[in-house]
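Structure assessment
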Number of protein chains: 2
Amino acid sequence: MPKVRTAQETPLSQDCDNCPIRHRAVCARCEADELRFLETIKYYRRFDAGQTVVWSGDRMDFVASVVSGIATLSQTMEDGRRQMVGLLLPSDFVGRPGRPAAAYDVTATSDLVMCCFRRGPFEDMMRTTPSISQRLLEMTLDELDAAREWMLLLGRKTAREKIASLVAIIARRDASLKLHGRSQSLSFDLPLTREAMADYLGLTLETVSRQISALKKDGVIQLTGQRHVTIPDFNRLVEETGDDTDGGFLV
Amino acid sequence: MPKVRTAQETPLSQDCDNCPIRHRAVCARCEADELRFLETIKYYRRFDAGQTVVWSGDRMDFVASVVSGIATLSQTMEDGRRQMVGLLLPSDFVGRPGRPAAAYDVTATSDLVMCCFRRGPFEDMMRTTPSISQRLLEMTLDELDAAREWMLLLGRKTAREKIASLVAIIARRDASLKLHGRSQSLSFDLPLTREAMADYLGLTLETVSRQISALKKDGVIQLTGQRHVTIPDFNRLVEETGDDTDGGFLV
DNA sequence: GCATGGTTTTGATCTACGTCAAGGCGGCGA
DNA sequence: TCGCCGCCTTGACGTAGATCAAAACCATGC
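Anyway, here's the lowdown on the structure attached to this text. (Residues numbered from 1 in each chain as written. Chains lettered and ligands numbered in written order. Predicted model: local features only at pLDDT ≥ 70, side-chain atom pairs only at ≥ 80, totals over all residues. Heavy atoms only, no water.)

A look at the overall build of chain A
Along the backbone of chain A there are 10 helices and 11 strands. Of all 251 residues assigned to chain A, the portion counted as buried reaches 50%. For chain A, the exposed surface amounts to about 12000 Å²; the carbon and sulfur share of it is 50%. (Helix = DSSP H or I, 4+ residues; strand = E, 2+ residues; numbered from the N terminus. Buried < 20%, exposed > 50% of the residue type's maximum accessible area, 1.4 Å probe, protein only. Areas by Shrake-Rupley, 256 points an atom, 1.4 Å probe, with all protein chains shown as cover.)

Points about the interface of chain B and chain A
Listed by partner, the interface residues are 52 residues for chain B and 52 residues for chain A. Carbon and sulfur atoms supply 55% of the area buried between chain B and chain A, which totals about 4700 Å² over both sides. In terms of surface lost to chain A, no three residues of chain B exceed Arg-148, Met-151 and Arg-156 of chain B, which account for 17% of the buried area on that side. The interface formed by chain B and chain A holds 14 salt bridges in total. The salt bridge partner of Arg-99 of chain A is Asp-145 of chain B, with a shortest N-O separation of 3.0 Å. (Contact = heavy atoms within 4.5 Å. Buried area = accessible area lost by both parts, 1.4 Å probe. Salt bridge = Lys/Arg side-chain N within 4 Å of Asp/Glu carboxyl O.)

Describing the protein's contact with DNA strand D
Taken together, 17 residues surround DNA strand D, and among them Arg-194, Ser-209, Ser-213 and Arg-227 of chain A together with Thr-207 of chain B come closest. The sugar and phosphate moieties of DNA strand D supply 65% of its atoms located within 4 Å of the protein. Interatomic distance of 2.8 Å between a side-chain N/O atom of Ser-209 of chain A and a phosphate oxygen of DNA strand D. If you list the elements that add at least two residues to the surface near DNA strand D, you get helix H9 (205–217) of chain A together with helix H9 (205–217) of chain B. (Near = heavy atom within 4 Å. Polar contact = N/O pair within 3.5 Å; in protein donor to acceptor, adjacent residues only side chain to side chain.)

Overview of the protein's contact with DNA strand C
Contacts to DNA strand C come from 16 residues, most closely from Thr-207 and Arg-210 of chain A together with Arg-194, Ser-209 and Ser-213 of chain B. Each atom of DNA strand C within 4 Å of the protein belongs either to a base or to sugar and phosphate, the latter forming 63%. In the model, a phosphate oxygen of DNA strand C is placed 3.1 Å from a nitrogen or oxygen of the Thr-204 of chain A side chain. One nitrogen or oxygen atom from the side chain of Ser-213 of chain B is found 2.8 Å from a phosphate oxygen belonging to DNA strand C. Every element with two or more residues in the surface near DNA strand C is listed here: H9 of chain A together with H9 of chain B. No other element matches the four residues that H9 of chain B contributes to the surface near DNA strand C. Looking at side-chain class alone, the surface near DNA strand C contains two nonpolar, eight polar and six charged residues. (Nonpolar A, V, L, I, M, F, W, Y, C, P; charged D, E, K, R; others polar.)

Observations regarding the sheet that holds strand S3 (residues 62–68) of chain A
Residues and elements named next belong to chain A. Spatial ordering of the open sheet is given by S1-S8-S3-S6, a layout of four strands whose pairing is antiparallel. Strand pairing shows two members of the sheet lacking a second neighbour, strand S1 (42–47) and strand S6 (93–94), which therefore form its edges. Pairing analysis gives six bridges linking S3 to strand S8 (residues 112–118), with the strands arranged antiparallel. Each residue of the ladder has a partner; that of Val-63, found in S8, is Phe-117. Contacts between helix H5 (residues 119–128) and the sheet are confined to S3, S6 and S8, with S8 contributing the most and set at about 65° to the helix. (Pairing = 2+ DSSP bridges. Axes fitted to C-alpha atoms, helices over the stretch in contact; angles between N-to-C directions.)

Concerning the packing of aromatic side chains
For the structure on display, the rule yields six aromatic pairs over all chains. With 5.5 Å between their ring centres and 45° between their planes, Phe-117 of chain B and Phe-122 of chain B make a pair best called tilted. Comparing Phe-117 of chain B with Phe-122 of chain B, the two get one shared label, buried. An aromatic cluster of at least three residues, connected via ring pairs, comprises Phe-93, Phe-117 and Phe-122 of chain A. Looking at Arg-148 of chain A, its charged tip hangs above the ring of Tyr-104 of chain B, at a distance of 5.4 Å from the centre. (Phe/Tyr/Trp six-rings, centres within 6.5 Å; stacked < 30°, edge-to-face > 60°. Lys NZ or Arg CZ within 6 Å of the ring centre and 35° of its normal.)

Considering H5 of chain A
Residue and element names in this part refer to chain A. Among the residues of H5, Arg-119, Phe-122, Glu-123, Met-125 and Met-126 are the ones counted as buried. The arc enclosing the buried residues of H5, seen along the axis, measures out at 160°, which places them on a common side. Of the residues in H5, the exposed ones pointing more than 90 degrees away from the buried face are Arg-127 and Thr-128. (Arc of directions from axis to C-beta.)

Right, dumping it as structure tokens:
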């Protein structure tokens, strides 16, 4: 159990700016007390790429937020058909307070560090600290919007539009992680295998591969190796997604 | 503006048991004061079947919950492709606190009564009354789960499985509205046109019609008229959905 | 009764994507 | 250096569901 050691190694305030629980929210007393309290309910876990965090239906006695790396949420049918239902990036939250079992398979796609909270104490804190519910509500509403956008993609978009949408999403997130490099030539690695993309988009891996090749041939994207993408013209890519070009700013 | 009149016609406590705002939450003072306060921020609106409540992007200065009837949330692409992303039944909540514009088209599928709260005062109350955020969080998490189940359906199920799933969902909700009639022969009206079902399932209306005919021919469902369905054997129907038969009780 | 318009069914055909199968590429350990 | 194994690509072919088109159904008003 490396929880105490890890918590001391990396100051909490540094890694967990996006956690639903901030220092101040936990305890108004001195920093030392705070840390000592946090150490009893909060700990880090590391996973290697490909490792499963939990299986759907397994007991899950923590909630967590992603510190670094990428994880996926997926559902599988008895005959093996699989659908991803969420992509977890740094600062995203997993687990449902009040629910003792995982509802989805959670898998580390890259090396992954998660910041976990024991579920019981976390639920207690939610009761006593309204800001946690409020923050969680905001995050959940964002996820719901993302899920609904994804429903449009799954139900109505063509394979080419699906690929373009996924690449655009990854590009946007990547760009917002770096600085706000407006409409310049973007360049990044795809964090998912072709199979994972297929599971995400409701396609087969062959179709994913073919459509990526097609977008490459048409100059919408450039590929170096199999994973590294550069986007010469982001607007061109967005046109291929089938989405409104104005990006729909709703806040 | 029928807000005051309507509020008085039907006692609030009766229609709005499932509203995120309950009487007690609003005001601890006497019932009269409470009512008078509520009347300033809460009002009913009625819509005819087929009417649009708001269009995506329109200003929306209220949040609301469905009192009776059925509404749908949908997104449409520029070329007219349409995908439903939510089905609103009595007690379901629409609108996002903090967001001034609708993110989706909201349409009344049947005659509809909604209980609306002015957005500004509602947001104030959320700040002062933590139970509202907590309740809303629960509801949003449920919706997110439903959305994710729908993603599996859209991405991976066959047309026949999609139809069976939809019928099963409607049947279950109908059954839980009536009494808990366990695994008996169920009977109800489909609240959606074939086209609306198609938009919900990511299919065309022709495919919907064909698959309904097929399920009927195979004895999985019985049809009287075009809308009235009876399910002779619910388990048989569930087998056709492709879902785990154990229903996955997670809570 | 009959005309009207929205909904639903059914048929004939087309096509985007899935399926099956064969290689190619690139990293890693022996 | 070679061979292995996991990824990825590409081709040939099959099929579920889309598309196009016609007709049947059903409620409504005249």
